[in-house]
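# Descriptive analysis of the structure
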Amino acid sequence: MSSQAREIILSSIRKSLSESEVPIPFPEAEKKTDFFAKDDLTAEEKFAEAFTALGGKFVYCADEHELIVQLQALADTMGWQQIQSKDSFLLQLFADKNIDLLQDAGDMHHIEIGLSMCECLVARTGSVILSAAQESGRSLPVYAPIHIAVAFSNQVVWDIADGIQLMHDKYEGKLPSMMSLTTGPSRPADIEKTLVVGVHGPKEVYVFLVDSDWKKSE
């Protein structure tokens, strides 16, 4: 085919495309703003329901004092001698009460139980959003076989998009270099289709939700 003939064909195609728009197959979807069914549960209740259904362990705390009491009770029940963290807020919270259960994680090479803050909780999926901008960084939630995340009520959002927007506002448009969604314990099934818990991440995930607003200055 000559170049002139090819150009005639292409010109015909361009003209046809410009004159007739391809109809949207489901135009009603373009107008819909909420794709989810209404839920009678609060965001906190919905998160607890979704998170526990995925194998996570949820603990409600009325305030920061109850957070300390509940965490100490869990440690006593499980026989944990020490929990490690890199979050200055959590370390100071326990230090102020002269409780030596929580220790600085250091290099984390031998960490067993890690405690950290999170960016937010996603109610619909039961996910915990973490980021590299946090003091715990990328490592603690991955190194620790048991990960405990702490969140406050104003960190619970309905959808992932809401979580991204919350972080967008928090970091003034400069999102962290890494953001991850932890949705229950690690459970890959890529080896002979056998579900294995705790291979690429923690085998146990806890969330302690404090029923007050997070007010730590960034």
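Above this text sits the structure in question.
Quick summary incoming for the structure in this document.

Calculation criteria
- Residues numbered from 1 in each chain as written.
- Predicted model: local features only at pLDDT ≥ 70, side-chain atom pairs only at ≥ 80, totals over all residues.
- Heavy atoms only, no water.
- Buried < 20%, exposed > 50% of the residue type's maximum accessible area, 1.4 Å probe, protein only.
- Helix = DSSP H or I, 4+ residues; strand = E, 2+ residues; numbered from the N terminus.
- Contact = heavy atoms within 4.5 Å.
- Patch = residues over 30% accessible without salt bridge, like charges linked within 9 Å, V, L, I, M, F, W, Y side chains within 5 Å.
- Areas by Shrake-Rupley, 256 points an atom, 1.4 Å probe, with all protein chains shown as cover.
- Salt bridge = Lys/Arg side-chain N within 4 Å of Asp/Glu carboxyl O.
- Polar contact = N/O pair within 3.5 Å; in protein donor to acceptor, adjacent residues only side chain to side chain.

### Some details on unusual backbone geometry
In this structure, Asn98 is a non-glycine residue whose phi angle is positive, near 55°. Residue classification places Asn98 among the exposed residues on the basis of a relative accessible area of 73%. The backbone of Glu172 sits at a positive phi, close to 55°, despite the residue not being glycine. With respect to the helices, strands and loops of the structure, Glu172 is situated in the loop between helix 7 (160–170) and strand 9 (179–182).

### Comments concerning helix 3 (residues 43–53)
Of all the positions in helix 3, only Ala43, Lys46, Phe47, Ala48, Ala50 and Phe51 are classed as buried. Looking at the buried positions of helix 3, the neighbouring elements they touch are strand 1 (57–61), strand 5 (120–122), strand 6 (127–131), strand 8 (156–157) and strand 10 (204–210). Backbone geometry just after helix 3 places Gly55 at a positive phi near 100°.

### Section: a nonpolar patch on the surface
Taken together, the side chains of Ile160, Ile164, Leu175, Met179 and Leu181 define a hydrophobic patch exposed on the protein surface, amounting to about 360 Å² of accessible area. Counting only elements with at least two residues in the nonpolar patch, the list comes to helix 7 and strand 9. Mapping Leu181 onto the fold places it in strand 9.

### Quick look at the pattern of salt bridges
Considering all chains together, one arrives at four salt bridges under this definition. The salt bridge partner of Glu49 is Lys46, with a shortest N-O separation of 3.3 Å. You can see Glu49 and its partner Lys46 sitting in helix 3, three residues apart, about one turn around the helix. On the accessibility criterion, Glu49 (43% relative accessible area) is partly exposed. Among the residues examined, Lys46 registers a relative accessible area of 16% and is labelled buried.

### What about the side chain of His147?
If you trace the backbone, His147 turns up in strand 7 (residues 146–152). His147 sits in the buried class, given a relative accessible area of 1%. One polar contact links His147 to Ser116, side chain to side chain, over a distance of 2.8 Å. Here His147 is in contact with Gly114, Ser116, Leu130, Leu140, Pro141, Pro202, Glu204, Val205 and Tyr206, once residues within four sequence places are set aside.

### Some details on the environment of Gly163
Considering the arrangement of structural elements, one finds Gly163 in helix 7. Taking relative accessible area as the criterion, Gly163 reaches 0% and is therefore assigned buried. Spatially, the C-alpha atoms of Gly163 and Val122 are 6.9 Å apart, while their sequence positions differ by 41 residues. Those residues in contact with Gly163 that lie beyond four places of it in its chain are Cys120, Ile129 and Val157.

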